[in-house]
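Breakdown of the fold
Chain by chain, the residues:
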Amino acid sequence: MTTPTGRSGPGAAATSMADDGHAASPPAGAGPAGAPPAGARPAGVPPAGARPSRPTPAPPQIPRRLLPGAVLLGLAVVLAATAGWALTLGQATITVGEVWASAGHHACTAAGLGAACPADPLTAIQDAIIWQGRAPRVLAAAAVGAGLAVVGAVMQALTRNPLADPYLLGVSSGASVGAVLVLVLGLSAALPVAAFLGALAALVVTLALAARRDGGLSPVRTVLAGVAVAQLGSAVVSFVIFWSATGDSYREILSWLMGSLGGATWSEAWLAVGATAVVGTFLAAQGRTLDAFTFGDVSAASLGIAVTRTRWVLLGAGALLTALLVAVAGSIGFVGLVVPHAVRLLVGGRHHRLLPVAALGGAIFLLLADTVSRSMFEPRELPVGILTAAIGAPVFAVLLRRRGRE
């Protein structure tokens, strides 16, 4: 029997009968239509004698990032405790309670309450040690550390390079060139301006060497260009010192180049605080813009961001802040490299959360480093830049190794 499609045989006959309204007889042993064959085990029922299977354990839950508010509060408490500890550490034995009582006395006196103020528990010498020596140094260390950490996080986002920071991109070296030139010429009052101009010039050269033809930045080329500019700046500084600096000026410049907060005054401390508060707040407010840059220039442009102009504005602000901080503390490296990576482990990579926490983390880090460096070999003092480099260099090696495996 041939079907309309040309088929013949038993299959065709079954099809023809179905078309005529006569159902074909099911095979022997088969149940109703749609039912499993006789003797078949229903789905989901284990065979006889089989052990019941244990329920599959749920996959481990990945811990969520800590709440930024809780982290900020915790770090603020740690910073306050660290500052109190740093004020008491030194050859003169002064307790934390005496420091806070003296602070209350000075605050009350400054408010004009006069006789109603409690007596100062410190002697005149102890008062000078705390409020003219240690306090401005503690304030400057916290402000410089906060500013360098914020600038490091911003540069890492803008260049899409986790190894970027002001020291590695040559910005600190450029600021050092400008600062050393005015120190040798005896124009200390122009130090912040000269440091900013040197930092800006170094940044321009670094970005010019690293830029591709389409205007984008290669992360690898950026670091290599920064290293080249930093070495050039170091050579210029060494030549200026060799040719011009003698005696006390040589020792002053050398100590400054190693990074030191030993001679910090109240005016320098307030300069660092003001620069970090103004420029750092501006940079921290650009968190969502920095998030867009982490996905590349094309993604940032698709979100309506003027990539070239925004990058130069933010990098210029970072160079300005770096220059002002270098004018206060000298060349201190690796703070902007170490702190942002540590903070990302706590709050993630979103910059509106990262930057405020990085500021507090940088303040704590440099304050601890400065306190240890001035007390480790007491009465001799180790420049804090040596200690930060000793901590930051291994971290840089680990990051470089990890990046090589990607």
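Only a predicted model underlies this, so the values are computations on that prediction, with no experimental measurement involved. (Residues numbered from 1 in each chain as written. Predicted model: local features only at pLDDT ≥ 70, side-chain atom pairs only at ≥ 80, totals over all residues. Heavy atoms only, no water.)

Let's shift gears to the pattern of salt bridges. On inspection of all chains with the given rule, the structure shows four salt bridges. Across the pair Asp297 and Arg311 runs a salt bridge, and its minimum N-O distance is 2.7 Å. Of this pair, Asp297 sits in helix α11 (residues 297-302) while Arg311 sits in helix α12 (residues 307-329), and the two are 14 residues apart along the sequence. In this structure, Asp297 and Arg311 share a single accessibility class: buried. Each of the salt bridges in this network shares a partner with another, and the network as a whole consists of Arg137, Asp370 and Glu381. (Salt bridge = Lys/Arg side-chain N within 4 Å of Asp/Glu carboxyl O. Helix = DSSP H or I, 4+ residues; strand = E, 2+ residues; numbered from the N terminus. Buried < 20%, exposed > 50% of the residue type's maximum accessible area, 1.4 Å probe, protein only.)

The subject of this paragraph is the state of the cysteines. Throughout the structure, instances matching the rule amount to one disulfide. Put simply, Cys108 and Cys117 are joined by a disulfide, and their sulfur atoms are 2.1 Å apart. An S-S torsion of about -85° defines the bridge between Cys108 and Cys117 as left-handed. Cys117 carries the same exposure label as Cys108, and that label is buried. (Disulfide = S-S within 2.5 Å.)

This part takes up the confidence of the model for the protein. Confidence along the protein averages 79 in pLDDT terms, with 80% of residues attaining 70 or more. Throughout residues 1-26 the model reports pLDDT below 50, and contacts reaching past four residues in sequence, or to other chains, amount to twelve contacts. Contacts of residues 58-64 to residues separated by more than four positions or lying in other chains number zero contacts, the stretch itself having pLDDT below 50. (pLDDT = per-residue confidence, 0-100. Contact = heavy atoms within 4.5 Å.)

Counting across every chain of the model gives two aromatic pairs. Ring geometry for Phe239 and Trp243: centres 5.9 Å apart, planes at 20°, overall stacked. Taken as a pair, Phe239 and Trp243 lie in helix α7 (residues 219-244) at a separation of four residues, close to a single helical turn. Since its relative accessible area comes to 51%, Phe239 is described here as exposed. Taking relative accessible area as the criterion, Trp243 reaches 64% and is therefore assigned exposed. Consider the rings of Trp266 and Trp270, whose centres lie 6.2 Å apart with planes at 25°: the pair is stacked. Of the two residues, Trp266 and Trp270 both sit in helix α9 (residues 266-284), four residues apart, roughly one turn of that helix. Residue class for Trp266 comes out partly exposed when judged on its relative accessible area of 30%. Residue class for Trp270 comes out exposed when judged on its relative accessible area of 52%. (Phe/Tyr/Trp six-rings, centres within 6.5 Å; stacked < 30°, edge-to-face > 60°.)

A contiguous nonpolar surface patch, about 440 Å² in accessible area, is contributed by Trp85, Leu368, Val372, Met376 and Phe377. Within the element layout of this structure, Phe377 appears in the loop between α14 (351-375) and α15 (384-405). The partly exposed category is assigned to Phe377, whose relative accessible area is 47%. (Patch = residues over 30% accessible without salt bridge, like charges linked within 9 Å, V, L, I, M, F, W, Y side chains within 5 Å. Areas by Shrake-Rupley, 256 points an atom, 1.4 Å probe, with all protein chains shown as cover.)

Attention shifts here to the side chain of His351. The topology assignment puts His351 in helix α14. Not counting residues up to four positions away in its chain, the partners in contact with His351 are Ala153, Ala157, Gly287, Leu290, Asp291, Thr294 and Pro356.

Further remarks concern α12. Taking 1.5 Å as the rise per residue, α12 with 23 residues should run 33 Å; its terminal C-alpha atoms sit 32 Å apart, in good agreement. Of all the 23 residues making up α12, 18 are buried; the element is thus mostly covered by neighbouring parts of the structure. Within two residues after α12, Gly330 carries a phi angle of roughly 85°, on the positive side. (Expected span 1.5 Å × (residues − 1).)

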